[in-house]
Amino acid sequence: MEELRIPPCEPDPGAPAIEVRGLTNAFGAQVVHEGLDLTVRRGEIVGVVGGSGSGKSVLMRSILGLRRPQAGSVRVFGIDALSDDPAKRLAIERQTGVLFQGGALFSSLTVLENIMVPVREHHGLPEDLMHALCWMKMRLAGLGPEAAHKLPAQLSGGMRKRAGLARALALDPPLLFLDEPTAGLDPIAAAAFDQLILDLKQALGLTVFLITHDLDTLYAICDRVAVLADRRVVCCAPVAEVEAFPHPWVQAYFHGPRGRSARREA
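Residues numbered from 1 in each chain as written. Predicted model: local features only at pLDDT ≥ 70, side-chain atom pairs only at ≥ 80, totals over all residues. Heavy atoms only, no water.

Asker: Describe the overall build of the protein chain, with residues and values.
Answerer: Helices and strands together make up the secondary structure of the protein chain, namely 10 helices and 10 strands. Here the C-alpha atoms of the protein chain give a radius of gyration of 19 Å, agreeing with the 18 Å that 2.2 N^0.38 yields for 266 residues. The C-alpha extent of the protein chain, read off along each of the three principal axes, is 60 × 40 × 35 Å. For the protein chain, buried positions account for 50% of its 266 residues. Considering only residue pairs separated by 6 or more positions, the protein chain has 65% of its internal contacts joining residues 24 or more positions apart. Entry remark: accessible area of the protein chain is about 12600 Å², with carbon and sulfur atoms responsible for 54%. For the protein chain, the centre of its 28 positive side-chain charges and the centre of its 30 negative side-chain charges are spaced 4 Å apart. (Helix = DSSP H or I, 4+ residues; strand = E, 2+ residues; numbered from the N terminus. Rg over C-alpha atoms; globule rule 2.2 N^0.38 Å. Buried < 20%, exposed > 50% of the residue type's maximum accessible area, 1.4 Å probe, protein only. Contact = heavy atoms within 4.5 Å. Areas by Shrake-Rupley, 256 points an atom, 1.4 Å probe, with all protein chains shown as cover. Lys, Arg positive; Asp, Glu negative; His and termini not counted. Charge placed at Lys NZ, Arg CZ, Asp CG, Glu CD.)

Structure follows, in structure tokens:
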């Protein structure tokens, strides 16, 4: 049977990395987002924060096209992320890499096999070239050769995060989504992971959409911070400006004991 070929859909080189307008997400009577707007510029790290239930992961899934919102528009590099057009869906998949909470690795595959999954799906590369590419992604994520043939259950929490990051980088995406990347890590490992993200962003020119509760991460690597509250993005600015934003949740979050500690360390 002849393979179905999907015509390519090219990103708009002048468009923002992410452009969300008028987004509404609801689960029955529970409205999570209502008229939410957010723009992420190319080449920046945007940290997304908000209280539990504010819809941070729902927003990420909407941008990735994994959830269809009740209203609004989402564009990724100018491509309609809510379109059912296979060419547009494929273009967005190849432009984005995702590190889910906990790494979300396939438990029955080794680290190297996990990293190879998106490469096998999207590129018909020879086996030796595919192996070489995935070894390079492992090194980029800070993993040594000893991790290649281990199963996820044999890895520490930090190594699982790095393996998930290597898989997210497998297709050389210009846009990276990170969902709570330092959750569960000790302070030293979390700081090392933050530095890794910053180094990769600078070396590869990445744009990063980062969901986090970690105040140290916000101060260490984020260019701007988007605050989700009252069903929308109430502010999106450099962290020094967000600190001064007169919203009760923002003030409690940034000026509590942990916020003061993170500012001293920054």
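Asker: Could you give an account of the nonpolar core, with specific residues and numbers?
Answerer: Membership of the largest hydrophobic core comes to 52 residues, with the highest contact counts inside it found for Leu165, Val225 and Phe254. With 6 residues, the single largest contributor to this core is helix α6 (residues 187-204). For Leu165, the contacting residues outside a window of four places in its chain are Leu99, Ala141, Leu176, Leu178, Phe193, Leu196, Ile197 and Leu200. Listed in part, the 29 residues of the second largest apolar core include Leu38, Ile79, Ile92 and Ala226. (Core = buried A, V, L, I, M, F, W, Y, C linked by side-chain atoms within 4.5 Å.)

Asker: Can you explain unusual backbone geometry? Please cite residues and give values.
Answerer: One non-glycine residue with positive phi stands out, namely Phe77, at about 50°. Position of Phe77 relative to the elements: it lies in the loop between β4 (71-76) and β5 (79-80). Taking relative accessible area as the criterion, Phe77 reaches 3% and is therefore assigned buried.

Asker: Kindly report on the packing of aromatic side chains, identifying the contributing residues and their values.
Answerer: Throughout the structure, instances matching the rule amount to 4 aromatic pairs. Seen from their ring centres, Tyr253 and Phe254 are 5.0 Å apart, and the 85° between their planes marks the pair as edge-to-face. For Tyr253, a relative accessible area of 15% puts it in the buried group. On the basis of relative accessibility, which here comes to 0%, the residue Phe254 falls in the buried class. Among the aromatic residues, those joined into a ring-pair cluster are Tyr219, Trp249, Tyr253 and Phe254. The residue whose ring lies beneath Arg67 is Phe27, and the NZ or CZ to ring-centre distance is 4.2 Å. (Phe/Tyr/Trp six-rings, centres within 6.5 Å; stacked < 30°, edge-to-face > 60°. Lys NZ or Arg CZ within 6 Å of the ring centre and 35° of its normal.)

Asker: Go over the pairing of strand β2 (residues 30-40), please, and point to the residues and values.
Answerer: Of the pairings in the sheet, the one linking strand β1 (residues 18-27) to β2 comprises 7 bridges and is antiparallel in character. Across the sheet, Asn25 pairs through a bridge with His33, a residue of β2. If you look at the hairpin formed by β1 and β2, you'll find 2 residues sitting between the two strands, and Gly28 has a positive phi there, around 65°. (Pairing = 2+ DSSP bridges.)

Asker: If you had to explain the sheet that holds strand β6 (residues 96-99) to someone new, which residues and values would you point to?
Answerer: The sheet built from 6 strands is open, its strands ordered β6-β7-β8-β3-β9-β10 with mixed pairing. The two strands at the open ends of the sheet, each matched to only one other strand, are β6 and β10 (232-237). Each adjacent strand pair in this sheet contributes to an overall mean axis angle of 15°, direction not counted. Where strand β9 (residues 224-229) and β10 come together, 5 bridges link them in antiparallel fashion. Paired with Val227 across the strands is Cys235, a residue of β10. Its contacts with the sheet put helix α1 (residues 56-63) on β3 (45-50), β6, β7 (175-179), β8 (207-211) and β9, and the angle it makes with β8 is roughly 145°. Against the sheet, helix α5 (residues 157-168) contacts β6 and β7, and its axis sits at roughly 165° relative to β6. (Axes fitted to C-alpha atoms, helices over the stretch in contact; angles between N-to-C directions.)

Asker: Quick one: what's the story with the state of the cysteines, residue by residue and with numbers?
Answerer: Counted under the stated rule, the structure contains 0 disulfides. You can see Cys222 has no disulfide; the closest cysteine sulfur is in Cys236, sitting 10 Å from it. Given a relative accessible area of 11%, Cys222 falls into the buried group. This cysteine, Cys236, is not joined by any disulfide, and Cys235 carries the nearest cysteine sulfur, 7.6 Å off. Classification of Cys236 as partly exposed rests on a relative accessible area of 25%. (Disulfide = S-S within 2.5 Å.)

Asker: Now, about the environment of Ala26: what can you tell me, with residues and values included?
Answerer: Its location among the elements puts Ala26 in strand β1. For Ala26, a relative accessible area of 13% puts it in the buried group. Excluding residues within four positions of it along the chain, Ala26 makes contact with Val31, Val32, Arg67 and Gln70.

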